[in-house]
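A closer look at the structure
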Amino acid sequence: MSETQDKPAVMTRAIPAPVTNVETQPFWDAAKDGRFLIKRCTPCGKAHWYPRAICPHCMSAETVWEESPGEGVIYAFSVMRRSPTGPYAIGYVTLDEGPAVLTNFLGVEPDALTIGQRVKVRFQDTDGGPPVPVFAPI
Ligand SMILES: [Zn+2]
């Protein structure tokens, strides 16, 4: 192998189109504009992920959409090195607003990820659906 082939590549991954519904449509509409939305509960004030109508902290139905910068830190991750399409990584990001997001880490070399690393959302196109949020180091 040449030196070029030994160098780790930036991870990419084809992601299928997400299933959308009435409850999550505002999220996907914003994603098409490159905006990352989360939900926040009015009575208890806590943000939550994934977006849903009922607050998972206090069960209130008074939740509102909020635009997030989509920044946080890596809580945990795992690199899948033996993939037929090349290595990719999934894991949890703890958003600055508090919720944990299960996500793909793309556009970064596999060995460049660390626990506690600052990351930011970006959107990846899907085949026939809205783009999905993925994360990469800032
Ligand atoms: Zn609540």
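An account of the accompanying structure is given in this report. Computed from a prediction, not measured in an experiment: that's the story for all the values here.

What follows deals with the coordination of the zinc ion. Protein-derived coordination of the zinc ion comes from Cys41 (SG), Cys44 (SG), Cys55 (SG) and Cys58 (SG), at a distance range of 2.3 Å. Here the zinc ion binds 4 donor atoms, and the angle range of 102 to 120° at the metal identifies the geometry as tetrahedral. Binding-site remark: the zinc ion is held by donors from one chain whose sequence spacing is C-x2-C-x10-C-x2-C. On the criterion of sequence distance, the pair formed by Cys41 in strand β1 (residues 36-41) and Cys58 in the loop between β2 (47-48) and β3 (63-68) is long-range, its members being 17 residues apart. Assessed through its relative accessible area of 34%, Cys58 is described here as partly exposed.

Core analysis: the largest hydrophobic core is formed by 26 residues, its most contacted members being Phe36, Leu95, Phe105, Leu113 and Phe135. Only α2 (25-32), β1, β4 (71-80), β5 (88-95), β6 (100-105), β7 (118-124) and β8 (132-137) provide two or more residues apiece to this core. Take this core: its biggest share by element is 4 residues, from α2. Excluding residues within four positions of it along the chain, Phe135 makes contact with Phe36, Gly70, Val93, Leu95, Val101, Thr103, Asn104, Phe105, Leu106, Val119, Lys120 and Val121.

We now examine the pattern of salt bridges. Counted according to the given criterion, the structure contains 7 salt bridges. The partner of Glu71 in a salt bridge is Arg118, and the shortest N-O contact between them spans 3.2 Å. Here Arg118 lies in strand β7 and Glu71 lies in strand β4, a separation of 47 residues in the sequence. Under the relative-accessibility criterion, Arg118 is labelled partly exposed at 35%. When salt bridges with common partners are traced through the structure, they connect Glu71, Asp96, Arg118 and Lys120 into a single cluster.

Basis of the calculations
- Residues numbered from 1 in each chain as written.
- Predicted model: local features only at pLDDT ≥ 70, side-chain atom pairs only at ≥ 80, totals over all residues.
- Heavy atoms only, no water.
- Donors = N, O, S within 2.8 Å, 3.2 Å for Na, K, Ca; no water.
- Tetrahedral: all angles 85-135°; square planar, octahedral: opposite > 155°, others 65-115°.
- Helix = DSSP H or I, 4+ residues; strand = E, 2+ residues; numbered from the N terminus.
- Buried < 20%, exposed > 50% of the residue type's maximum accessible area, 1.4 Å probe, protein only.
- Core = buried A, V, L, I, M, F, W, Y, C linked by side-chain atoms within 4.5 Å.
- Contact = heavy atoms within 4.5 Å.
- Salt bridge = Lys/Arg side-chain N within 4 Å of Asp/Glu carboxyl O.

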